[in-house]
Each structure stands twice: as structure tokens, then as C-alpha cells.
Amino acid sequence: VEESYKRIDEVDGEVKAFLTLNKEQAMEQASQYDEERGSDDATLFGLPIGVKDNIVTKGLRTTAGSQILDNFNDPLYNATVVNKLNDAKSITIGKLNMDEFAMGSSNENSSYEGSRNPWNTDYVPGGSSGGSAAAVAAGEVPYSLGSDTGGSIRQPAAYCGVVGLKPTYGRVSRFGLIAFASSLDQIGPITRNVEDNAFLLETIAGHDHMDSTSANLEVPKYSESLTGDVKGMKIGVPKEYLGEGVAPEVKEAVQAALKKYEELGATWEEVSLPHSKYALSTYYLISSSEASANLARFDGVRYGKRAEDAETMLDMFKRSRAEGFGDEVKRRIMLGTFALSSGYYDAYYKKAQQVRTLIKNDFEKVFADYDVIIGPTTPTPAFKVGDKVDDPMTMYANDILTIPVNLAGVPGISVPCGFSEAGLPIGLQIIGKHFDEATVYRAAHAFE
Ligand code: GLN
């Protein structure tokens, strides 16, 4: 814990991964655990961890990267995942930077100064869990939690050269995760290697009566599935994931990875996920619709910022939201409200839900014959700060390979698979069947 804070002192001025530190409490906890050392076999005993700032921590400021929650200093409860981390006796070092309400792919939508890529601070760390990936990559913490609605764990993990898993929808409780798009959001682990990742998922996964969408299923010992053996494993490689728009250096790294799988005794074949081309539009309709409903609760009354000197209640609502939300969040609320409005609901929201089913069916068809699906995590390595900030459409295109996984609800991991010419990491994405994180981990670990 001490080393963690020392490293943060050294590098976080540049990396900007942390929004809030928990130093006093963490140091106290560490010295208490120090006395119990050796007498306790809790899985994460005394290990420092960073938590994305949209995960509620009792008594520790939780902003979700937004001005509207800038003064949310004293939440009254812990997210279920945080209680589970505490039970495993890990120590929360602080809260990690993110795009506002998890809407973004570069950390540039954080309403604080965005986090930077530790490999080269002229580049973005990705988003929205950019702080979570950067903190692990910079050696500030060995473990962190992120959340992934359309790629927000896997994309920053790829950009920062670390391991990030989005679990199956329902594997991890969302209780205490500040909601963006409830049918897509999942919390997941970001770590330096696959083994740590498996341990962390074991700790946070499982049924929770506080989240009705959490699955009542046994949580396997993922760490025991890391056998190194992928002989006979059948890999599907979607042709849509290596097509136009994917950088040649990314394709090469993925092809080299597939070669390694062959050497390890796995086989691969080209497959097709034909509805992938509709994933981006489907995702932005569904996620923005859900966000517009979820973000209605930020009204200046119950939490966070309240505009001053309002004349009427309506005026107070309007001004609190106008002042508290950033541009991207407003854009999504407007798009979502429009898509849900009477007269347009059938044409947009309902149609998007129908296409979502087609996308899910694509995955199920492939998984009838293959154990995992492999491709790149992102079409390109990290881009420079400022490069895409004025063009939401290019920014959205970053997530074209991760979004279908959320729409289908299946698990996906990003593991490092090489470097670009500019010296930036490239991520390999391994996608599994519903609730089959064990096979995803086995494949990732064998490759690592
Ligand atoms: N970049 C995507 C978006 O802006 C995904 C974000 C996420 O997964 N939270 O919506």
C-alpha cells in the first residue's frame, strides 16, 4: 500500500489516473492487516486496488467523472463488488478517472483532466475506464475495477497493454454501479496478467439479491482453469473483424497470435458475424435510450450539484442539469429521449432491440461449432490526445469490435499481443460463450 502511494506520487501528476485518494484510511487498514499477517487466508489479503469512479464507495467521493457529482463526497453505501473486495481484505487505494458517466473512448470526456497513456502521455489511455487501465499499466496499483458497456474495459486495456475482462452480463452484480445503460453495463477486472484477472473475477462475481439481473449460478474457480492446454480448442475468426478500417499492424499482430494458437494445438477457421455492421447504430440507440432514463435521477435534489438562485423548481432542475452535465452526456440524453419518444419509438428503439437479437443469434450460431471467437480488440492502437475529440462519429467507431459483445451479453477479454510501430500496445480480444469465462481465461492464459 505504501509502495502504491509512492508510485502515485511519482507518476500520477502525468498519468492522472486517480481522481480521489483514500490514503489515510488505506494506510490505517494496511497497518492493521500487517498485524494479522499470516493468520488470514483471504484471497486478496492486503493487496492495493483502484476502483473506477462510477462504483459507489461508502464515505469515499464518487463522481462518475462528472461535475454533477463533484460534491458527492459521502456515499452512504458500498457497491456489492466493493463489499466483496473488502471481505477478501484488499485495500482501496482510490478512485479512478473516467469519461463522464462512462460515455467515451479516450478519457477526454472526463469533466476533470483526462488520464493519459503511460506508454506515451501524448496518447489517450482509452475509455471510459482509462484511469483504471492507466493505473495498472503505470504500476500504481496491480489491480483495478472498470466497467464495460460497449468496450470500456477491453479498449483501454488494449491501449495500455494490460489484461481486461468484461464478464458475461449477469455474472457480476451491478448494485452500486452508477447506471449508464443497464442492459449492457458490467463491472470487470483489469490486471497485469491473466492469473490475477481470474482471481479478481472469482472475488467479485456471483449472485446478489440487490441486482435482479445477476445470475444465480455457481462461480467456478477460474484460477484453476489456467492449465496452459488449448489442444483441440476450436477458434472462430470473424471475417468482419479483420476487414476494412482495421490497421495493417493490428491485423499482423492478430495473425501472429493465431499462428501461436496453432502451434499450441488449437485450430482456427474463418467465420461470419453478418450483423456486426449494424452493431454501432444499434448500440448508440439502445445505450442512449437507457442512459436518458437512468440519468433522469440527477435533478439537483437527491444527489450532487444544485444550481444556485433558481426561481422555480423547474428552473432549478433545468439549470442543475445544464450546468452539471458535459456535452457528450447531453448529446446522449437528447438522442435517447428522441429514440424513446412516441412516434419514433417503433422506428428506432424497437427496431434496435430487434437487430440486437439478430446480433446475439450470430454469436450463438458460431458458438454452436467453436469454443471461442478471436479477433482484435480495437481497429487501431491508441490515438493522440485531441485527435478525435471534435468528431463523435470517429470516436464511436473505436468500439466497433467490442460493442457486439455487450449487445450479445457474452464475455470478452483483451490481452496484449504486440506493439505498433509507434511503440504502443495492441490488444487481442477473446470472446466466449455465455458464462464460459473459464474457457476465455484458459485461452488467454495459454497465449500470454
Ligand atoms: N465508448 C463507448 C461509449 O461511449 C463505450 C463506453 C463504455 O463501455 N462505457 O458509449
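Criteria and thresholds
In every chain, residue numbers begin from 1 and rise along the written sequence. Residues qualify for local features only when their pLDDT is at least 70, as the model is predicted, and side-chain atom pairs are given and counted only at 80 or more; totals for whole chains, interfaces and linings, by contrast, use all residues. As a rule here, side-chain values cover all heavy atoms of the structure and leave hydrogens and water aside. Strands are runs of DSSP state E lasting at least two residues, helices are runs of H or I lasting at least four, and both sets are numbered from the N terminus onward. Taken over C-alpha atoms, the radius of gyration is set against a globule rule of 2.2 Å times the number of residues to the power 0.38. Three exposure classes are used, based on accessible area relative to the maximum for each residue type with a 1.4 Å probe and protein chains only: buried under 20%, partly exposed in between, and exposed over 50%. Any two residues whose heavy atoms approach within 4.5 Å are treated as being in contact. Note on areas: these come from Shrake-Rupley sampling with a 1.4 Å probe, and a residue is covered only by the protein chains present in the view. By the counting rule applied here, Lys and Arg register as positive and Asp and Glu as negative, while His and the ends of each chain are not counted. Positions of charges follow a simple convention, taking NZ of Lys, CZ of Arg, CG of Asp or CD of Glu. Only C-alpha atoms enter the line fits that serve as axes; for helices the fit covers just the stretch in contact. Angles between N-to-C directions range over 0 to 180 degrees. Roughly parallel means an angle under 35 degrees; roughly antiparallel means over 145; roughly perpendicular covers 65 to 115; every other angle is labelled oblique. Only Asp, Glu, Lys and Arg are considered charged in this grouping, and only Ala, Val, Leu, Ile, Met, Phe, Trp, Tyr, Cys and Pro are considered nonpolar; every other residue, Gly among them, is considered polar. In the analysis that follows, any N or O atom pair within 3.5 Å is treated as a polar contact, provided that within protein one partner can donate a hydrogen and the other can accept it, and provided that, for residues neighboring in sequence, both atoms belong to side chains. In plain words, nonpolar cores are sets of buried Ala, Val, Leu, Ile, Met, Phe, Trp, Tyr and Cys residues tied together by side-chain atoms within 4.5 Å. Here a residue counts as near a molecule or strand whenever at least one of its heavy atoms sits within 4 Å of it. A score from 0 to 100, pLDDT tells how confident the predictor is in each residue. Between the first and last residue of a helix there are one fewer steps than residues, each counted as 1.5 Å, and that sum is the expected span.

Here we come to the overall build of the chain. Helix and strand counts for the chain stand at 14 helices and eleven strands. Against the 2.2 N^0.38 benchmark of 22 Å for 448 residues, the chain shows a C-alpha radius of gyration of 21 Å, consistent with a compact globule. Looking at the chain as a whole, 58% of its 448 residues qualify as buried. Pairs at least 24 residues apart make up 75% of the contacts formed inside the chain by residues separated by at least 6 positions. Surface accessibility of the chain: about 17,800 Å² in total, with carbon and sulfur atoms responsible for 49%. Considering the chain, the positive charge centre built from 44 side chains and the negative charge centre built from 63 side chains are found 5 Å apart.

For the pair helix H7 (residues 248–263) and helix H14 (residues 437–447), interaxial distance at closest approach is 10 Å and the crossing angle is 95°. Judged by the angle between their axes, H7 and H14 are roughly perpendicular. Where H7 abuts H14, its residues Ala257, Lys260 and Tyr261 lie against Ala443, Ala444, Ala446 and Phe447. Residue classes in the contact of H7 with H14 are distributed as six nonpolar, no polar and one charged.

Before going further, it helps to examine the environment of Ala279. As for its position among the elements, Ala279 is in helix H8 (residues 279–294). With a relative accessible area of 0%, Ala279 lands in the buried category. The spatial distance from the C-alpha of Ala279 to the C-alpha of Arg356 is 7.6 Å, given a sequence separation of 77 residues. Those residues in contact with Ala279 that lie beyond four places of it in its chain are Ile359, Ile403, Pro404 and Leu407.

Next up on the list: the side chain of Ser414. For Ser414, the location among the structural elements is in strand S10 (residues 412–419). Here the side chain of Ser414 touches Thr377 through a polar contact of 2.9 Å, side chain to side chain.

Attention shifts here to the nonpolar core. Counting residues in each nonpolar core, the largest one holds 53 residues, and the members touching the most others are Ile55, Val81, Tyr261, Leu428, Ile430 and Tyr441. Per-element accounting of this core gives the leading share, seven residues, to H14. In this view, Ile55 contacts Thr62, Ala79, Val81, Val82, Lys95, Leu145, Gly146, Gly176, Leu177 and Ile187; residues no more than four positions away in its chain are not counted. By size, the runner-up hydrophobic cluster in this structure holds 45 residues, among which are Ile359, Ile403, Leu407 and Val410.

What surrounds the ligand is a group of 15 residues, the closest being Thr149, Gly150, Ser152, Tyr283 and Asp399. Within the side chain of Ser105, an N or O atom sits 2.9 Å from a nitrogen atom of the ligand. Within the side chain of Ser152, a nitrogen or oxygen atom sits 2.7 Å from an oxygen atom of the ligand. Summarising the interface, the protein chains cover 100% of the accessible area of the ligand, which totals 300 Å² for the free molecule. Counted by class, the shell around the ligand contains five nonpolar, seven polar and three charged residues.

Moving on: the confidence of the model for the chain. Taken over all residues, the pLDDT of the chain has a mean of 96, while the share at 70 or more is 100%. Complex prediction metrics read pTM 0.98 and ipTM 0.97.

The subject of this paragraph is helix H2 (residues 23–36). Taking 1.5 Å of rise per residue, 14 residues should cover 20 Å, and H2 covers 20 Å from first to last C-alpha, within 8% of that figure. Gly38 sits one or two positions beyond H2 and adopts a positive phi of about 90°.

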